[in-house]
Structure formats: structure tokens, C-alpha cells
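Survey of secondary and tertiary structure
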Amino acid sequence: MGFAVKSKYDVIVFGGGVAGVCAAIQSARTGASTLLVEREARLGGTLTNVGINFPGIFHAWGKQVIDGIGWGLVTRTVSESGGTLQDFTTPGMRHSWYQVRVPIPVFAAICDEEVLNSGADLLLHTMTGDAKRSKDGWRVTLCCKEGMRKTSAKMLIDCTGDANVAEVCGAKLRMYGECQPGTLCFRLAGYDITSLDLKALDAEFAQAVDTDVLKATDAGWGGNNPRVSGLLSNRGNNANHIPVDSEVRTSEGRTRLEVEARASVRRIVNWLRDRPGLGGLHAEWVAQETGVRESTTVVGLVEITARDYASGRKWRDAVCNSFYPIDFHEMSGRGLNCVQLEPGVVPTVPRRALVAEGCEGLLMAGKVISSDRLAHSALRVQATCMATGQAAGAIAALAAQRGEKPEDVPIAEVRKQINYKVG
Ligand SMILES: Cc1cc2nc3c(=O)[nH]c(=O)nc-3n(C[C@H](O)[C@H](O)[C@H](O)COP(=O)(O)OP(=O)(O)OC[C@H]3O[C@@H](n4cnc5c(N)ncnc54)[C@H](O)[C@@H]3O)c2cc1C
């Protein structure tokens, strides 16, 4: 099995979230020697470690628009865990209905198996150390448990979700003083919702927010209408908003976020436990990591704008489709600005948004691709991340094998590898 690091690869993929897993599998299946490097104990990223285990959206307007490796991982997980898929041709449901719930441990184990079966090497518990440009690629330092290790690759793919590799490679980044807020997911237990006076609890919660005992965003997304009844009805689940800026891509910024997020969950749980009928309330599960919707993106050969996305632009070098509303979260106001796509619109993603500008041999996939902030709020969802990962894997492998720049590999060859209809 591929656990021993080699001194040379065609492609190294950093970050084993849904984008990185699909990138590594596709790169190896295309015949490139491939290494996947992941800093955590398991693959899946936000899906597994943040608890957002409902990837979407693969279908739009009654037909499948994203297929390939990601869809294979999802359907295998559902079938192996005895689940069934909903009828995606059902029209008119809320967009979240078209997402697919997958059990986390099964998904993570299937990712392990598919990555290793593809022929890629896999290193968990490993982070980006450094990357320096060499004559024909990158000299790479990996930060392993036992210390620093050297390897090299012709192509790198940044799937870290935070552009960590792009930053060490010296690529141009888009950073923001205030990003969309993060969320620490949790699940509440130990109470009977039907026995509670939700109106009175909402009134008490609003007063606690007024007097700075709690923050409105401890129990909801919106800053201007503090309520706790929604959180109690949902038993937690994607319920809070924690402030984030682009510093969250760093260890210091991420540490601050995790500490603030855990304090927020503790604050609301302790406050609730002191209310009538809630003495037994507790958080039976808290995600191991706070979810970050947005931190940093890499400047690519083109930038996908919200206008491109909402108009369903068909790029000449499209490598995958994407489908989601513009879904922009904020700390203030209503907390979410969600704009549905017009009927029939299916946006596409150009190859050039996956190729870093001015940084030879660097591609990116998943939530760091080149886009403006509103387009990013739709492009960041998991089915699209899987599709951009698969596309980046094919492009990087072909570029390494043919000795060409990623943007020069014939697009027909890339699409042949991806092997499902785009556009
Ligand atoms: C609260 C929340 C709710 C969401 N809701 C939905 C939803 O309803 N539907 C949907 O489809 N999507 C949703 N999303 C978006 C989606 O889950 C993510 O954008 C997507 O999973 C990102 O995938 P990725 O592979 O690009 O990055 P990530 O999932 O962030 O994966 C990056 C991986 O890289 C690893 N890594 C990071 N830095 C390094 C490094 N320096 N070296 C090595 N490895 C590294 C990480 O450990 C991680 O495994 C939500 C996101 C959040 C946070």
C-alpha cells in the first residue's frame, strides 16, 4: 500500500478534503505518480471533521449536472450504509433537499480505500512545510510527525481550503478583513421540545443578548433578531456564526477561531441548562473542528464573478458544472443573503480558474479556486469542490506527463479523462 513517501512525484495534492480526494484519485487514475498529503487523521475535510455530511448539489432542474469521482464516493457510501437516494427529478423542493446525507465514518473509510486503490500514496498527519521552484517542478518539504521530509513534484495542487500551499509557493492571493462567518456544529440532547415555552425562552434570550450575557449569533445566524427557539428545535446543527477573517488560514488565526467557537457553544449550553425544563440539556456531540466557509482564494488565470455564475456562463474551457444559490453568510443583519439561480441556469467552471496566475506548476481546487466573493459563496459547496478536484487532478496529471503548462493541455484530453458531460 502507498504509505512510503517517494523522492519524486508527478503530482502532489495538499489537503484531503472532498476536493483533494477527488484530485488525487483522478491524477493517479490518469497514470501520474501521485501523493495526497492531509494534516488530519482522516480524509473528507469539512464533510468529516466539521460535520457537514450532506454534500450537494449534484442535480439541477431534474437532471444530474455533476457526476464522476465525487458522485461515486457519495453513492457508494449511501449504498454501503443501507441508505437510499431521494428522487432527484422531484421539482420545486428547497435547494437543501437535493443534498445527500452520508454517514461520516463510512465516507472517510471509502475515501481511504478509493485513494489507495487509485495507486496514489497517502500521508495523513502531515502538513505543508515549504515549496521552492526548481528547474522542472517543485522541491517540497513536508512537515511530518517525525520532523521535516523532502520530496519533489512536477505539479502541485492546493486543496487546503485556505490556500496554504499557494502562499508558500508565492502565488497571488485574495484576502479579506472580514470573511463569511464560521460555524461550530453540535447536537443537543436531554430535553423534550414539546414541554418548553419557546416564546418565553426567546424573550429571555433577547434580554441576555441585550445585556451582553450572550451573543445573538451564539444561537443563530442573524444579528438583528435574537432567538433561541430555532436552535432548540434543530437540536443545534449548523446553528451559530463565529467571526472570521483571512488570518484564519494561519495557525494563529485558526487557534483564535477554535477557542472563540468552543466558548460560544459552552456559553449557550450553560445558559440553556439554567432555564426551566432544560436541566438535562447537554451537547452530546461537538464537531472536532470549526467550519470555515471562506478564508482566502488564489488568483487564477481568470476570476469567476457572481455575474458569470448567476448567468450560467458557458466557458470555452469549462471543466465542470456547478449548482447552488449564491449563499452569502454575514455576522450582521439577517445573517444570510441567499439568491436562487433562475430556472434552467447551470453555471460552469473554467479550467483557468484552477490554474494559478504567475506561479508555474501550481493548480488549485475546491474552495480556493479563483472567484469573487459572491461567486465563491456558491462555488464552495461540496459537489462543486469534488468536480473541481477531479478536473484539477486530470489537468495536473496530463500536464506532468506531456511536459506542458496546465493551461496548454488540449481541453478535449482533459474532458476525456473526466468522462462525464460538462456544460
Ligand atoms: C458551516 C458550513 C456549512 C456548509 N454547508 C454546506 C452545505 O450545506 N452543502 C455543501 O455542499 N457544502 C456546504 N459547505 C461548504 C463545504 O462543506 C466546503 O466548502 C467544502 O467541503 C470544502 O471542501 P475542500 O475540499 O475545498 O476544503 P476542506 O473541506 O476545507 O478540506 C481541506 C483539507 O485540507 C487539509 N489541510 C488544510 N491545511 C493543510 C495543510 N497546510 N497541509 C495539509 N493539509 C491541509 C484540511 O485538514 C482538510 O482536510 C459548508 C461549509 C461550512 C463551513
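Residues numbered from 1 in each chain as written. Predicted model: local features only at pLDDT ≥ 70, side-chain atom pairs only at ≥ 80, totals over all residues.

Below, the discussion takes up the overall build of the chain. Tallying secondary structure elements over the chain gives 12 helices and 17 strands in all. In terms of C-alpha radius of gyration, the chain reaches 22 Å, essentially the compact-globule figure of 22 Å for 423 residues. The dimensions of the chain, computed from C-alpha atoms along their principal axes, are 70 × 50 × 40 Å. For the chain, with 423 residues in total, the buried portion stands at 49%. If you take every contact in the chain between residues at least 6 apart in sequence, the share linking residues at least 24 apart comes to 77%. (Helix = DSSP H or I, 4+ residues; strand = E, 2+ residues; numbered from the N terminus. Rg over C-alpha atoms; globule rule 2.2 N^0.38 Å. Buried ≥ 20, exposed ≤ 12 C-beta atoms within 10 Å, placed from the backbone. Contact = placed C-beta atoms within 7 Å.)

So, about the environment of Lys135. Within the secondary structure, Lys135 is located in the loop between strand E6 (127–134) and strand E7 (137–144). With 19 residues separating them in the primary sequence, Lys135 and Lys154 have C-alpha atoms 9.6 Å apart.

Around the ligand sit 38 residues in total, of which Gly17, Gly45, Gly161, Gly291 and Gly366 are the nearest. When residues of the shell around the ligand are traced back to their parent elements, those giving at least two are helix H1 (18–29), helix H2 (46–50), E6 and helix H11 (382–402). Broken down by class, the residue content of the shell around the ligand amounts to 14 nonpolar, 17 polar and seven charged. (Near = placed C-beta within 6 Å. Nonpolar A, V, L, I, M, F, W, Y, C, P; charged D, E, K, R; others polar.)

The extent of an interface is frequently quoted as the accessible surface area lost upon association of the parts. For the chain, the assigned domains are domain 1 (9–176 + 294–418) and domain 2 (186–286). On a C-alpha basis, the centres of domain 1 and domain 2 stand 31 Å from each other. Here the side of domain 1 that touches domain 2 is built from residues that sort into five nonpolar, seven polar and two charged. (Domains from an automatic or database assignment.)

Closest axis-to-axis distance for the H1/helix H4 (residues 104–118) pair is 8 Å, and the angle between their directions is 25°. Classified by the interaxial angle, the pair formed by H1 and H4 is roughly parallel. Classified by chirality, the crossing of H4 by H1 is left-handed. Packed against H1, whose contacting residues are Val21, Ala24, Ile25, Ala28 and Arg29, the element H4 presents Cys111, Glu114, Val115 and Ser118 at the interface. In terms of residue class, the contact of H1 with H4 is built from six nonpolar, one polar and two charged. (Axes fitted to C-alpha atoms, helices over the stretch in contact; angles between N-to-C directions. Parallel < 35°, antiparallel > 145°, perpendicular 65-115°, else oblique. Left-handed = near helix turned anticlockwise from the far one by under 90°.)

Counting residues in each nonpolar core, the largest one holds 120 residues, and the members touching the most others are Val11, Leu156, Ile157, Leu363, Met364 and Ile395. Counting only domains with at least three residues in this core, you end up with domain 1 (9–176 + 294–418) and domain 2 (186–286). Leave out the neighbours within four places in its chain, and Leu363 touches Met155, Ile157, Leu354, Val355, Ala356, Ala392, Ile395, Ala396 and Pro406. (Core = buried A, V, L, I, M, F, W, Y, C linked by C-beta atoms within 7 Å.)

Running from N to C, H1 and H11 point in directions that differ by 30°, and their axes come no closer than 7 Å. Our pair here, H1 against H11, has a crossing hand that is right-handed. Here H1 contributes Val18, Ala19, Gly20, Val21, Cys22, Ala23, Ala24, Ile25, Gln26 and Ser27 to the contact with H11, which in turn contributes Gln382, Cys385, Met386, Thr388, Gly389, Gln390, Ala392, Gly393, Ala394, Ala396 and Ala397.

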